[in-house]
Amino acid sequence: MPTDEPTADDVVQTASDAAEGYVFLQYKQSAVRDLDVTVTFEDGVLEVDVYLNAPDSEDTPDAEQVADDAALAARNAVDELFGE
């Protein structure tokens with residue numbers, strides 16, 4: 001019986017895209033030295049980890065805060081995917 005629920009792959013892709021998209025709204029892609037977004041979705045539990053190595057200066061946002069906000073953006077995108 002088909003279900004309207006997103007697949008685990010859909011959830012992971014949505015979360016990953018949202019986190020990465022958020023980071024690149026904050027920094028130019030060429031300024032990001034390293035970005036690793038790890039997303040798992042198992043048994044209805046979403047885990048998002050974002051590692052960001054980006055320049056730290058007065059003219060740029062705090063990389064740690066951007067990583068935290070990117071993980072939150074990923075969770076919000078998945079909530080929207082489930083219609084919550």
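Now for a description of the structure that goes with this document.

What counts and what doesn't
Residues numbered from 1 in each chain as written. Predicted model: local features only at pLDDT ≥ 70, side-chain atom pairs only at ≥ 80, totals over all residues. Heavy atoms only, no water. Helix = DSSP H or I, 4+ residues; strand = E, 2+ residues; numbered from the N terminus. Expected span 1.5 Å × (residues − 1). Buried < 20%, exposed > 50% of the residue type's maximum accessible area, 1.4 Å probe, protein only. Arc of directions from axis to C-beta. Contact = heavy atoms within 4.5 Å. Phe/Tyr/Trp six-rings, centres within 6.5 Å; stacked < 30°, edge-to-face > 60°. Patch = residues over 30% accessible without salt bridge, like charges linked within 9 Å, V, L, I, M, F, W, Y side chains within 5 Å. Areas by Shrake-Rupley, 256 points an atom, 1.4 Å probe, with all protein chains shown as cover. Salt bridge = Lys/Arg side-chain N within 4 Å of Asp/Glu carboxyl O. Lys, Arg positive; Asp, Glu negative; His and termini not counted. Charge placed at Lys NZ, Arg CZ, Asp CG, Glu CD.

1. Points about helix α1 (residues 8–26)
Piece 1. Spanning 19 residues, α1 covers 28 Å between terminal C-alpha atoms, matching the ideal 27 Å at 1.5 Å per step.
Piece 2. Buried within α1 we find Val11, Ala15, Ser16, Ala18, Ala19 and Val23. Projection of α1 onto a plane perpendicular to its axis shows the buried side chains occupying an angular sector of 160°, all on one side. Turned more than 90 degrees off the buried face of α1, the exposed positions are Asp9 and Leu25.
Piece 3. Contacts from the buried residues of α1 go to β1 (34–42), β2 (45–53) and α2 (63–81).

2. Observations concerning α2
Piece 1. An ideal rise of 1.5 Å per residue puts 27 Å on 19 residues; α2 measures up with 27 Å between its terminal C-alpha atoms.
Piece 2. Looking only at α2, the buried set comprises Ala63, Val66, Ala67, Ala70, Ala71, Ala74, Ala77 and Val78. Around the axis of α2, the buried residues are gathered within 140° of arc, so they sit on the same side. Within α2, the exposed residues directed more than 90 degrees away from the buried face are Glu64 and Glu80.
Piece 3. On its buried face, α2 sits against α1 and β2.

3. Some remarks on the packing of aromatic side chains
Piece 1. Tallied over the full model, the rule gives one aromatic pair.
Piece 2. Plain terms: the ring middles of phenylalanine 41 and phenylalanine 82 are 6.0 Å apart, the flat faces sit at 40° to each other, and that makes the pair tilted. Here phenylalanine 41, found in strand β1, pairs with phenylalanine 82, found in the segment after α2; they are 41 residues apart in sequence, far enough to count as distant.
Piece 3. By relative accessible area, which is 27% here, phenylalanine 82 ends up partly exposed.

4. Structural notes on a negative patch on the surface
Piece 1. Taken together, the side chains of Asp34, Asp36, Glu42, Asp43, Glu47 and Asp49 define an acidic patch exposed on the protein surface.
Piece 2. Mapped onto the negative patch, the elements with two or more residues apiece are β1 and β2.
Piece 3. In terms of residue count, the dominant contributor to the negative patch is β1 (three residues).
Piece 4. Its location among the elements puts glutamate 47 in strand β2.

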